[in-house]
Amino acid sequence: MKRIYIILGFIVLILLARLLSSEGGLSELFALQNQLQQLESELDQQLSINTTLAQQVQDLSEQDSAVETLARQTLGMIAQDEVFIEVIEPKSPHTSSE
């Protein structure tokens, strides 16, 4: 009976060593859990971006004023009867100590 306990103890030690050190062991498990957390965080960010884009698409398909606003902001477009005036701020004068 003592011999069986020694053999079982030896097998447990071998399996424990494999679990702790080899490929597919605990270190790989922790690395994969860390990678999973990072991917879930990226997924949450992408879902947020997708929600924002879906709202913009809905606004653009339902409202003509949204298309006009987007064209004015991103493309710098103006209406046919409008005049574009760009205001340029003067640079502040350099103060010299004389």
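In this text the structure is predicted, and so the values were computed from the model without any measurement.

Next up on the list: the confidence of the model for the protein. Residues of the protein with pLDDT of at least 70 account for 95%, and the chain-wide mean is 85. When the elements of the protein are averaged for pLDDT, helix 3 (residues 64–75) gives the smallest value, 82, and helix 2 (residues 26–62) the largest, 92.

Now for the packing of helix 2 against helix 3. For any two helices packed against each other, one specifies the inter-axial angle together with the distance between the axes. At a minimum axis distance of 5 Å, the contact between helix 2 and helix 3 shows a crossing angle of 115°. In terms of their interaxial angle, helix 2 and helix 3 are classed as roughly perpendicular. For the pair helix 2 and helix 3, contact is made by Asp-59, Leu-60 and Glu-62 and by Asp-64, Ala-66, Val-67 and Leu-70, respectively.

Moving on, we come to helix 1 (residues 2–21). Its 20 residues place the ends of helix 1 29 Å apart at the C-alpha level, agreeing with the 28 Å of an ideal helix rising 1.5 Å per residue. Counting buried positions along helix 1 yields 0 of 20 residues, so the element is predominantly exposed.

A grouping of Met-1, Ile-4, Tyr-5, Ile-7, Leu-8, Ile-11 and Leu-15 is seen on the molecular surface, where their side chains present a nonpolar patch of about 760 Å² in accessible area. If you trace the backbone, Met-1 turns up in the segment before helix 1. Given a relative accessible area of 67%, Met-1 falls into the exposed group.

Parameters and conventions
Residues numbered from 1 in each chain as written. Predicted model: local features only at pLDDT ≥ 70, side-chain atom pairs only at ≥ 80, totals over all residues. Heavy atoms only, no water. pLDDT = per-residue confidence, 0-100. Helix = DSSP H or I, 4+ residues; strand = E, 2+ residues; numbered from the N terminus. Axes fitted to C-alpha atoms, helices over the stretch in contact; angles between N-to-C directions. Parallel < 35°, antiparallel > 145°, perpendicular 65-115°, else oblique. Contact = heavy atoms within 4.5 Å. Expected span 1.5 Å × (residues − 1). Buried < 20%, exposed > 50% of the residue type's maximum accessible area, 1.4 Å probe, protein only. Patch = residues over 30% accessible without salt bridge, like charges linked within 9 Å, V, L, I, M, F, W, Y side chains within 5 Å. Areas by Shrake-Rupley, 256 points an atom, 1.4 Å probe, with all protein chains shown as cover. Salt bridge = Lys/Arg side-chain N within 4 Å of Asp/Glu carboxyl O.

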